[in-house]
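Below, each chain spelled out in residue letters.
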Amino acid sequence: QVQLVESGGGLVQAGDSLRLSCAASGRTFSSYGMAWVRQAPGKDREFVAAINWGGGSTYYSDSVKGRFTIARDDAKNTVTLQMNSLKPEDTAVYYCAASWEFRVTATGYDYWGQGTQVTVST
């Protein structure tokens, strides 16, 4: 069983940076592939970024590639999402998700956090 708690969301202006964190409970955190998925109002959930167990592989959606960076610290049971050059279209609730597999999808994860709101103004 893994519990995920996101933090770090907020209201920023276009071009600003924001760093999201996801704190995980459970001794097996290092065995999970981790991902960030977002959902904008009225839209389906969208895959953002993923990192495999060990952190050796990462994957990003085309919409955030080059601007966002996912990282994990297994000693601290955390995964982060550094978001730079934010755009209004990045506005969404951002969810942390965990899977036994390395997933690069918006669904199918074993565990989800409650989400943190990111709002980017013009």
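Conventions we followed
- Residues numbered from 1 in each chain as written.
- Predicted model: local features only at pLDDT ≥ 70, side-chain atom pairs only at ≥ 80, totals over all residues.
- Heavy atoms only, no water.
- Phe/Tyr/Trp six-rings, centres within 6.5 Å; stacked < 30°, edge-to-face > 60°.
- Buried < 20%, exposed > 50% of the residue type's maximum accessible area, 1.4 Å probe, protein only.
- Lys NZ or Arg CZ within 6 Å of the ring centre and 35° of its normal.
- Patch = residues over 30% accessible without salt bridge, like charges linked within 9 Å, V, L, I, M, F, W, Y side chains within 5 Å.
- Areas by Shrake-Rupley, 256 points an atom, 1.4 Å probe, with all protein chains shown as cover.
- Salt bridge = Lys/Arg side-chain N within 4 Å of Asp/Glu carboxyl O.
- Helix = DSSP H or I, 4+ residues; strand = E, 2+ residues; numbered from the N terminus.
- Disulfide = S-S within 2.5 Å.
- Pairing = 2+ DSSP bridges.

Asks: What is the right way to read the packing of aromatic side chains from this model?
Replies: Between two aromatic rings, the relevant description is the distance of the centres plus the angle of the planes. Throughout the structure, instances matching the rule amount to five aromatic pairs. Seen in terms of ring centroids, tyrosine 109 and tryptophan 112 are 5.4 Å apart; in terms of plane orientation they differ by 80°. Their pairing is edge-to-face. For tryptophan 112, a relative accessible area of 30% puts it in the partly exposed group. For the cation-ring pair, arginine 45 lies above tryptophan 112, with the distance from its terminal atom to the ring centre recorded as 4.5 Å. Its end group placed over the ring of tyrosine 109, arginine 103 keeps NZ or CZ at 6.0 Å from the ring centre.

Asks: Before we go on, may I ask you to explain a nonpolar patch on the surface in this structure?
Replies: Taken together, the side chains of Trp53, Tyr59, Phe102 and Val104 make up a nonpolar region of the molecular surface, amounting to roughly 370 Å² of accessible area. By secondary structure assignment, the location of tryptophan 53 is in the loop between β5 (45–51) and β6 (58–60). Under the relative-accessibility criterion, tryptophan 53 is labelled partly exposed at 39%.

Asks: When you look at the environment of glutamate 89 in this model, what are you seeing that I'm missing?
Replies: The topology assignment puts glutamate 89 in the loop between β8 (78–83) and β9 (92–99). Overall, glutamate 89 belongs to the exposed group, its relative accessible area being 55%. Sequence-wise, glutamate 89 and alanine 24 are 65 residues apart; in three dimensions their C-alpha atoms are separated by 28 Å.

Asks: Hey, could you run me through the state of the cysteines in this one?
Replies: Evaluated as defined, the whole model comprises one disulfide. The disulfide that involves cysteine 22 links it to cysteine 96, with 2.1 Å between the sulfurs. Between cysteine 22 and cysteine 96, the disulfide has an S-S torsion of -80° and is therefore left-handed. Highlighted residues: cysteine 22 in strand β3 (residues 18–24) and cysteine 96 in strand β9, separated in sequence by 74 residues. Residue cysteine 22 shares its accessibility class with cysteine 96, and that shared class is buried.

Asks: Please explain the pairing of strand β11 (residues 116–121) as it appears in this structure.
Replies: Every regular strand shows the same layout, with side chains that alternate between the two sheet faces. Only one face of β11 is buried, namely the one carrying Thr116, Val118 and Val120, since none of Gln117, Thr119 and Ser121 on the opposite face is buried. Taken together, the four bridges between strand β2 (residues 10–13) and β11 define a ladder with parallel strand orientation. Among the inter-strand pairings, glycine 10 is bridged to a residue of β11, identified as valine 118.

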